[in-house]
Amino acid sequence: MDGSTQSLEEILAKGPALLAFFKIGCPVCQFALPFLERMAGSSSLQIIAISQDDESATTGFRQRFGITFPTLLDQSKEGYPASNAYGLTSVPSLFLVEKTGEIAMASAGFAKRDFESLGQRAGVPPFRPDENVPEWKAG
């Protein structure tokens, strides 16, 4: 969001990454990203958000939903190059990319079991025991 570019190779040099594509007006994105925030900061998994909106709108979203993990922009004025490279058809879309570049998991919408699996990988549970979290929400 600082105007610089970052390649997947640069991200993966730091270790496996969960790429989380989203749009600020997407209700399922608004629901899902705060659960990813709980896993952010894990030493075993970096989480990178990729917004399909502009910098101003994305900054407001991050503040409103308490998102602190790194966020990149993939904007319409550039033709959504990252989203197109991953073949996105809906948001949120998550891709767990191993250090080798292999995609170990892909998930569209919100799937509770995928978030639980990611939580195990990160060593941080995404849900609290007192939360009633649905099994699935379409993106």
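Residues numbered from 1 in each chain as written. Predicted model: local features only at pLDDT ≥ 70, side-chain atom pairs only at ≥ 80, totals over all residues. Heavy atoms only, no water.

Chemist: Would you take a moment to explain the sheet that holds strand β1 (residues 17–22) for this structure?
Modeler: Through backbone hydrogen bonds, the strands of a sheet pair up, either in parallel or in antiparallel fashion. Across the sheet, which stays open at both edges, the five strands sit in the order β3-β2-β1-β4-β5 with mixed pairing between neighbours. Here the strands that pair on one side only, and so sit at the sheet edges, are β3 (71–73) and β5 (103–108). With direction set aside, neighbouring strand axes in the sheet form an average angle of 20°. Helix α3 (residues 55–65) rests against β1, β2 (46–51) and β3 of the sheet, and its axis sits at about 155° to β3. Lying on the sheet, helix α5 (residues 112–122) is in contact with β1, β4 (93–97) and β5; it crosses β4 at an angle near 30°. (Pairing = 2+ DSSP bridges. Helix = DSSP H or I, 4+ residues; strand = E, 2+ residues; numbered from the N terminus. Axes fitted to C-alpha atoms, helices over the stretch in contact; angles between N-to-C directions. Contact = heavy atoms within 4.5 Å.)

Chemist: Looking at this structure, I do not really get unusual backbone geometry. What am I missing?
Modeler: Among all residues save glycine, negative phi is the norm, and among peptide bonds the norm is trans. Here the amide bond leading from V91 into P92 is cis, since omega sits at -5°, within 30 degrees of zero. Position of P92 among the secondary structure elements: in the loop between α4 (81–85) and β4. Although it is not a glycine, Y80 sits at a positive phi angle of roughly 50°. Following the sequence through the fold, Y80 ends up in the loop between β3 and α4. Judged by relative accessible area, which is 25%, Y80 ranks as partly exposed. (Buried < 20%, exposed > 50% of the residue type's maximum accessible area, 1.4 Å probe, protein only.)

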